[in-house]
Amino acid sequence: MKISLVPVGQISGVLPALLPYLAKSGEWTRGRAGVDDILRFVLNGQMQLWVAHQDGQIYGHVITEIKDYPRCKMLIVQYCAGEEDHMQYAEDEMFDLLDRFAKDAGCTGVEFVGRCGWRKQANKYGFSVQSVMYQKFFKEV
């Protein structure tokens with residue numbers, strides 16, 4: 001399994017295969033962002049699109065953003081979705097590429113918020129758990 005950064009000009013070529021994964025990412029936001037919003041972030045260059053692929057087949061995506069904090073820059077994994085039975089084959093390359101991309105961009109590190117299931121993989125690649133975000137959504141606004 002390979003991970004590749006998709007240049008903005010080539011996004012339309014992978015979009016049909018990515019739509020199911022983008023929809024998963026949209027669902028995980030619980031109404032904060034939809035597929036159109038996520039695509040806008042990628043197409044305007046605010047975020048970077050990475051795809052997991054093998055033999056011409058796309059198995060998922062990672063979408064990152066370089067965040068300028070007052071005293072440093074961090075690479076943030078904003079969205080990630082893929083085939084559960086395939087992503088384990090991409091994780092080594094994914095974490096290595098994210099580290100290299102972040103360092104090349106002058107970032108101090110990489111960060112992400114994820115569900116509890118990410119703990120094992122995150123620890124394996126040198127991330128530590130500092131906090132867990134819990135959330136509550138009201139049924140009616």
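Residues numbered from 1 in each chain as written. Predicted model: local features only at pLDDT ≥ 70, side-chain atom pairs only at ≥ 80, totals over all residues. Heavy atoms only, no water.

## A look at helix α2 (residues 35-43)
Two residues of an α-helix separated by three or four positions point the same way, owing to the 3.6 residues in each turn.
Point 1. Within α2 the residues assigned to the buried category are Ile-38, Leu-39, Phe-41 and Val-42. End-on view of α2: buried residues confined to an arc of 155°, all on one side of the axis.
Point 2. In this structure, the buried residues of α2 make contact with α1 (11-28), β2 (48-54), β3 (57-68) and β4 (73-82). (Buried < 20%, exposed > 50% of the residue type's maximum accessible area, 1.4 Å probe, protein only. Helix = DSSP H or I, 4+ residues; strand = E, 2+ residues; numbered from the N terminus. Arc of directions from axis to C-beta. Contact = heavy atoms within 4.5 Å.)

## Describing the pattern of salt bridges
Point 1. As enumerated under the stated definition, the model contains 3 salt bridges in all.
Point 2. For Arg-40, the salt bridge is made with Asp-37, and the minimal N-O distance between the two is 3.3 Å. Placement of the pair is Arg-40 and Asp-37 together in helix α2, with a separation of 3 residues, close to one helical turn.
Point 3. Arg-40 sits in the partly exposed class, given a relative accessible area of 45%.
Point 4. In this structure, Asp-96 and Arg-100 form a salt bridge, with 3.1 Å as the shortest nitrogen-oxygen distance. Taken as a pair, Asp-96 and Arg-100 lie in helix α4 (residues 91-104) at a separation of 4 residues, close to a single helical turn.
Point 5. With relative accessibility at 37%, the residue Asp-96 sits in the partly exposed group. (Salt bridge = Lys/Arg side-chain N within 4 Å of Asp/Glu carboxyl O.)

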